[in-house]
Amino acid sequence: MNRDFEFRQLLRAYRKGIISEATFEKEMAGLEGESAEGASNGSGFCAMGRTYPSERAAITSYLERVRAGESMGAQGFNQWLQVCKTECIRSGLRMIAEREAYHVRVFEARLRDLGVQPAAAAPSEELSKFVQMLASPDLPDNRKLLKLTASYDSEELWRPVREFVDLIKEDLESKELIRLYVEDETSSGNWLRMACKALNPQLQETAAAARMN
Ligand SMILES: [Fe+2]
């Protein structure tokens, strides 16, 4: 059986809850072992610290993973918008929520093109907590921005994905899709950091004090 097919079967079983995360990881490790052998003779694909059976497997796995995060991102930003009390950030939140939602749609469309039927996956505990934090009517907007920008960061976060894009040689449609996705996320991140500084003047004072020392 071809490894690409095995990988898709495994992904499908995991998403449907037929196998646990532990079994999925174990089976993936087995496939990765075979793929690492394949990589040495030119048939595996190494990206973002893993070895995949093929370029296609790396792409479908990435689109699946990001789709789940973006879907929760759309929910989180939309719910924040419902409780947001700071007028000057409302349009930014609305725009980011739209970006997150359309990322889900274009990723799902691409997965279908690649023969993978997108299925609803249970959100991780971490993502559920993230949405709860953004939706909270009690946490002030400036604190939400502080929490978000602590993790929603910069070049280092996106470097492995940019390297992945550079490695894609066959599926040019997905390559450009992921490249543009990174540009969108970078734009959202830049705006969130700017809003965070504007609504947290103490950060600017700390930075000014650091420059004087
Ligand atoms: Fe996002």
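Before any of the text, the structure's been laid out above.
Since the model is a prediction, treat every value here as computed from it, not as a measurement. (Residues numbered from 1 in each chain as written. Predicted model: local features only at pLDDT ≥ 70, side-chain atom pairs only at ≥ 80, totals over all residues. Heavy atoms only, no water.)

Asker: Give a detailed account of the coordination of the iron ion, specifying residues and quantitative values.
Answerer: Every protein donor of the iron ion is listed here as Glu-70 (OE), Glu-70 (OE), Glu-100 (OE), Glu-100 (OE), Glu-185 (OE) and Glu-185 (OE), and their distances to the metal cover 2.2 to 2.7 Å. Around the iron ion, the six donor atoms are arranged such that angles at the metal cover 51 to 145°; this shape is classified as irregular. Each donor residue of the iron ion belongs to the same chain, with the gaps between them written as E-x29-E-x84-E. Of this pair, Glu-100 sits in helix α4 (residues 87-113) while Glu-185 is found in helix α8 (residues 172-199), placing the two residues 85 residues apart along the sequence. Considered together, Glu-100 and Glu-185 belong to a single accessibility category, that of buried residues. (Donors = N, O, S within 2.8 Å, 3.2 Å for Na, K, Ca; no water. Tetrahedral: all angles 85-135°; square planar, octahedral: opposite > 155°, others 65-115°. Helix = DSSP H or I, 4+ residues; strand = E, 2+ residues; numbered from the N terminus. Buried < 20%, exposed > 50% of the residue type's maximum accessible area, 1.4 Å probe, protein only.)

Asker: Lay out the packing of aromatic side chains with the relevant residues and their values.
Answerer: The full count for this structure, using the stated rule, is five aromatic pairs. Relative to Phe-164, the ring of Tyr-62 has its centre 5.6 Å away and its plane inclined at 65°; by these criteria the two rings are edge-to-face. Remark: Phe-164 occurs in helix α7 (residues 155-167) and Tyr-62 occurs in helix α3 (residues 55-83); sequence separation between them is 102 residues. Residue Tyr-62 shares its accessibility class with Phe-164, and that shared class is buried. Aromatic side chains Trp-158 and Tyr-181 sit 5.8 Å apart centroid to centroid with 80° between the ring planes, which places their arrangement in the edge-to-face category. Of the two residues, Trp-158 is situated in helix α7 and Tyr-181 in helix α8; the sequence distance between them amounts to 23 residues. Ring pairs connect the aromatic residues Phe-45, Tyr-62 and Phe-164, which therefore count as one cluster. (Phe/Tyr/Trp six-rings, centres within 6.5 Å; stacked < 30°, edge-to-face > 60°.)

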